[in-house]
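Structural features, examined
Each chain, letter by letter, is given below.
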Amino acid sequence: MTDYILYEQAEGIATITLNRPDKLNAFCEPMHVNLREKLQEAAKSDAVRCVILTGAGRGFSAGQDLGERMMQGTDLGETLETFYSPIIHQIRNAPKPVICAVNGVAAGAAANIALACDFVIAVKSARFIEAFIKIGLMPDSGGTWFLPRLIGEARAKAMALLGEPISAEQAADWGLIWQAVEDEALDETVQVLAQQFANGPTIAYGLTKQAIQAAMSQSLEAQLELEGKLQRILGNTPDYAEGVDAFNNKRPPKFTGREK
Ligand code: LHQ
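As a starting point, this report considers the structure included with it.

Reading the values: the criteria
Residues numbered from 1 in each chain as written. Predicted model: local features only at pLDDT ≥ 70, side-chain atom pairs only at ≥ 80, totals over all residues. Heavy atoms only, no water. Near = heavy atom within 4 Å. Polar contact = N/O pair within 3.5 Å; in protein donor to acceptor, adjacent residues only side chain to side chain. Areas by Shrake-Rupley, 256 points an atom, 1.4 Å probe, with all protein chains shown as cover. Helix = DSSP H or I, 4+ residues; strand = E, 2+ residues; numbered from the N terminus. Nonpolar A, V, L, I, M, F, W, Y, C, P; charged D, E, K, R; others polar. Core = buried A, V, L, I, M, F, W, Y, C linked by side-chain atoms within 4.5 Å. Buried < 20%, exposed > 50% of the residue type's maximum accessible area, 1.4 Å probe, protein only. Contact = heavy atoms within 4.5 Å. Axes fitted to C-alpha atoms, helices over the stretch in contact; angles between N-to-C directions. Parallel < 35°, antiparallel > 145°, perpendicular 65-115°, else oblique.

Quick look at the site of the ligand
Residues in contact with the ligand amount to 24 residues; listed here are only the nearest, Arg 58, Ala 62, Gln 64, Leu 66 and Ala 109. Contacts to the ligand include Arg 58, whose side-chain N or O atom sits 2.9 Å from an oxygen atom. A distance of 2.9 Å separates an oxygen atom of the ligand from a polar backbone atom of Ala 109. In isolation the ligand exposes 1000 Å². Once the protein is present, 67% of that is buried. Every element with two or more residues in the shell around the ligand is listed here: α2 (76-93) and β8 (127-129). Looking at the shell around the ligand element by element, the count peaks at 4 residues for α2. Across the shell around the ligand, the residue classes break down as 14 nonpolar, 4 polar and 6 charged.

Below is the structure:
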């Protein structure tokens, strides 16, 4: 069977690579199934404290394989429920940081899978394309949720209704992504960040992520309550004890990311 998804794990970092480069890593069914398995493995494993999602070849991904599901009348809602929405949930609910290393063009659903990640670092030659409108569709995979929150309604509508490519530098200027780097600097930049996360307070990362995501759709009052609940959990972690001890003794902390 073709390996549409590659999975590597080393030093606390799981790297998941979309691997269908001759089709710009366009998503086909087996790729979805495999990606879901690997995201689950990375999210569950205590040995993994940071996840990198990237693409093989010259692109990150061109989104849905248009050779596979192009018939008028195909139930696209079902396709989204079965294949795309679960990936978005997995990334958002992963209790550890997920970095998207955008190595080239990210189009359609793939652009929005990238936006679901906690950090998006793209090569300057990459483009983000909400390409859906060009085939008579609307953004999915969370696109209509992420875009206005990240860049505001005017830019969100422009990206979605025009479907024109946005350069990585423009995306970084707008706050759509975290960083645009020189093409040859992507691996190094992503590795440095991933290592920082792999040696950091994993539970605190996970709960911070959870709280910031919750803030998008609830009141300040509810958020203050949530912060209290989550900070109570963190106050009982060994990483908190270690962080305070390291500070008081003027030494770098050695976080384990463990509950006990
Ligand atoms: C592709 C694709 C592709 C197959 C390039 N499929 N082969 C969810 C629910 C269900 C259904 C519908 O959709 C969705 C969500 C979505 O993702 S909808 C949006 C789908 N994606 C697109 O509309 C993007 C289509 N692709 C493009 O516009 C271009 O390929 C981009 C701008 C991404 C890259 O352009 P180039 O760099 O010029 O590359 P290329 O067009 O020459 O593509 C390279 C090869 O990859 C080529 O194959 P070939 O055999 O001719 O070398 C393309 O046919 C193939 N490819 N995208 N989505």
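Continuing now.
A word on the nonpolar core
One finds Val 102 and Phe 128 to be the most contacted residues of the largest nonpolar core, which totals 64 residues. The element contributing the most residues to this core is helix α3 (residues 109-116), with 7 residues. Ignoring any residue separated from it by four or fewer positions in sequence, one finds Val 102 in contact with Phe 60, Ala 114, Val 120, Ile 121, Ala 122, Val 123, Ala 126, Phe 128 and Leu 186. Ranked by size, the runner-up nonpolar core spans 6 residues in total, among them Ile 203, Leu 207, Ala 211 and Leu 230.

Concerning the packing of helix α8 (residues 202-215) against helix α9 (residues 220-234)
Viewed as axis vectors pointing N to C, α8 and α9 meet at an angle of 175 degrees, and their least axial separation amounts to 10 Å. One finds that α8 runs roughly antiparallel with respect to α9. Facing α8, whose interface residues are Ile 203, Ala 204, Leu 207, Gln 210, Ala 211, Ile 212, Ala 214 and Ala 215, α9 presents Gln 223, Leu 226, Leu 230, Ile 233 and Leu 234. Here the contact of α8 with α9 is composed, by residue class, of 11 nonpolar, 2 polar and no charged.

Without other data, these values stay purely geometric and don't point to any function.
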